[in-house]
Amino acid sequence: LQAFQEREGHANVPSAHVEDGEKLGSWLQKQRTRYKARGLSEAERKRLSASAMSDEEVERLEALGVAWDVLAEQWERMFGLLQAFQERAGHANVPSGHVEDGEKLGVWLSDQRTRYQLRGLSEAE
């Protein structure tokens, strides 16, 4: 993971990624499951076949920049890009084809509007 992070500049390994013959993406997914298991009861951990991660393991992975909730991190990144667009353009009506910092911001915003229309966003989202 450290070699991947140093080479790619991040630790968000794709789930199917193999590094030097090792299933690094699968391994990282298992670590995320173990991280989530920290807040579960023993019975729930047993059901998931997941041992809880130690504080030291958490610290080491966080030092490399591992995101425990990838979707939340992606949402926050896109929201930050929307804020930058709004500050620059004076509005948040992003054209559907607009790309901001290499990300399809217009498509993302369209998806957010669709989500809102279909079920509404909670305050946390």
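An account of the accompanying structure is given in this report. This one's a predicted model, so the numbers in the text were calculated from it and none came from an experiment.

Digging into the side chain of Gln31
Part 1 of the argument: Structurally, Gln31 is set in helix α2 (residues 24-37).
Part 2 of the argument: Not counting chain neighbours up to four residues away, the residues in contact with Gln31 comprise Met53, Leu61 and Trp68.

Comments concerning the packing of helix α5 (residues 70-89) against helix α6 (residues 105-119)
Part 1 of the argument: The contact between α5 and α6 brings their axes to 10 Å, and the two run at 110°. The angle between α5 and α6 places the two elements in the roughly perpendicular class. Contact residues: Trp75, Met78, Phe79, Leu81, Leu82 and Phe85 in α5; Leu105, Trp108, Leu109, Gln112 and Arg115 in α6.
Part 2 of the argument: Residues of the contact of α5 with α6, tallied by class, amount to 9 nonpolar, 1 polar and 1 charged.

With respect to the environment of Gln31
Part 1 of the argument: Since its relative accessible area comes to 6%, Gln31 is described here as buried.
Part 2 of the argument: In this structure, the C-alpha to C-alpha distance between Gln31 and Ser41, residues 10 residues apart in sequence, is 17 Å.

Observations regarding the packing of aromatic side chains
Each aromatic ring pair is summarised here by two numbers: the centre-to-centre distance and the angle between the ring planes.
Part 1 of the argument: For the coordinates displayed, the defined rule picks out 3 aromatic pairs.
Part 2 of the argument: Summarising the aromatic geometry, the rings of Trp75 and Phe79 are spaced 5.3 Å apart at their centres and angled 10° between planes, so their arrangement reads as stacked. On the criterion of helical spacing, the pair formed by Trp75 and Phe79 is a turn pair, its members being 4 residues apart in helix α5.
Part 3 of the argument: By relative accessible area, which is 31% here, Phe79 ends up partly exposed.
Part 4 of the argument: Of the aromatic side chains, those joined through ring pairs into one cluster are Trp75, Phe79 and Trp108.

Cut-offs and rules
Residues numbered from 1 in each chain as written. Predicted model: local features only at pLDDT ≥ 70, side-chain atom pairs only at ≥ 80, totals over all residues. Heavy atoms only, no water. Helix = DSSP H or I, 4+ residues; strand = E, 2+ residues; numbered from the N terminus. Contact = heavy atoms within 4.5 Å. Axes fitted to C-alpha atoms, helices over the stretch in contact; angles between N-to-C directions. Parallel < 35°, antiparallel > 145°, perpendicular 65-115°, else oblique. Nonpolar A, V, L, I, M, F, W, Y, C, P; charged D, E, K, R; others polar. Buried < 20%, exposed > 50% of the residue type's maximum accessible area, 1.4 Å probe, protein only. Phe/Tyr/Trp six-rings, centres within 6.5 Å; stacked < 30°, edge-to-face > 60°.

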